[in-house]
Amino acid sequence: MKTDPQNSDYVVEFGASRNYKPWRAEDEDVDKEKKKRDAEEMGNAMKALENRALDSKREMDILAALDDMKSMKSRHATVSVNFMLRPCKAQLLKTRRHQKKRMKHLLD
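Rules used throughout
- Residues numbered from 1 in each chain as written.
- Predicted model: local features only at pLDDT ≥ 70, side-chain atom pairs only at ≥ 80, totals over all residues.
- Heavy atoms only, no water.
- Helix = DSSP H or I, 4+ residues; strand = E, 2+ residues; numbered from the N terminus.
- Rg over C-alpha atoms; globule rule 2.2 N^0.38 Å.
- Buried < 20%, exposed > 50% of the residue type's maximum accessible area, 1.4 Å probe, protein only.
- Areas by Shrake-Rupley, 256 points an atom, 1.4 Å probe, with all protein chains shown as cover.
- Lys, Arg positive; Asp, Glu negative; His and termini not counted.
- Charge placed at Lys NZ, Arg CZ, Asp CG, Glu CD.
- Salt bridge = Lys/Arg side-chain N within 4 Å of Asp/Glu carboxyl O.
- Expected span 1.5 Å × (residues − 1).
- Bend = angle between axes of the 7 residues up to and from the residue.
- Polar contact = N/O pair within 3.5 Å; in protein donor to acceptor, adjacent residues only side chain to side chain.
- Contact = heavy atoms within 4.5 Å.

## A short note on the overall build of the protein chain
From N to C terminus, the protein chain includes 3 helices and 2 strands. At 31 Å, the protein chain has a C-alpha radius of gyration far larger than the 13 Å of a compact globule built from 108 residues. The principal-axis extents of the C-alpha atoms in the protein chain amount to approximately 95 × 50 × 20 Å. The buried share of the protein chain, taken over its 108 residues, is 4%. When the accessible surface of the protein chain is totalled, it reaches about 10,700 Å², and 59% of it is carbon and sulfur. In the protein chain, 25 positive and 19 negative side-chain charges are present, and the distance between their average locations comes to 19 Å.

So this is what it looks like as structure tokens:
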């Protein structure tokens, strides 16, 4: 095996086989898209501006979603298990009281 610094990889010289790496195809697709985008932007300033606007919109959407997740997590962190079980416990106590009254009524 030899190193391939240009592709950040190794090259198999002989007598070995490469394991399949699922992320490799994904990385190649991303590289192709980036090269295609760079080629489009090369002679077209308007396309470059549109792409930058789309990138910043995407980034703002991601940050907004992250803020939503953080606020949701903080809301859930303030709710305790006992607070959530309180209505169930109240219903259980009510049912037990009702059963005791019914048993007393049946025994009398």
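From this point on, the discussion continues.
## Remarks on the pattern of salt bridges
Enumeration according to the criterion identifies 5 salt bridges in this entry. For the salt bridge of arginine 37 with aspartate 55, the shortest nitrogen-to-oxygen distance reads 2.4 Å. Of this pair, arginine 37 sits in helix α1 (residues 22-42) while aspartate 55 sits in helix α2 (residues 45-78), placing them 18 residues apart in sequence. Among the salt bridges present, the one from aspartate 61 reaches lysine 57, with a minimum N-O distance of 3.1 Å.

## Section: helix α3 (residues 81-107)
Over its 27 residues, α3 extends 38 Å from the first C-alpha to the last, a length consistent with the 39 Å expected when each residue adds 1.5 Å. Where α3 bends most, the angle comes to about 35°, and this point is proline 87. Summarising burial for α3: 0 of the 27 residues are buried, a small minority.

## Overview of α2
Under the 1.5 Å per step criterion, the end-to-end length of α2 is 50 Å for 34 residues, consistent within 8% with the ideal 50 Å. Where α2 starts, the residue carrying a side-chain oxygen 3.2 Å from the main-chain nitrogen of methionine 46 turns out to be asparagine 44.

## Notes on the side chain of aspartate 4
Counting through the fold element by element, aspartate 4 comes out in strand β1 (residues 2-4). Other than its neighbours up to four places away in sequence, aspartate 4 contacts Asp9, Tyr10 and Val11.

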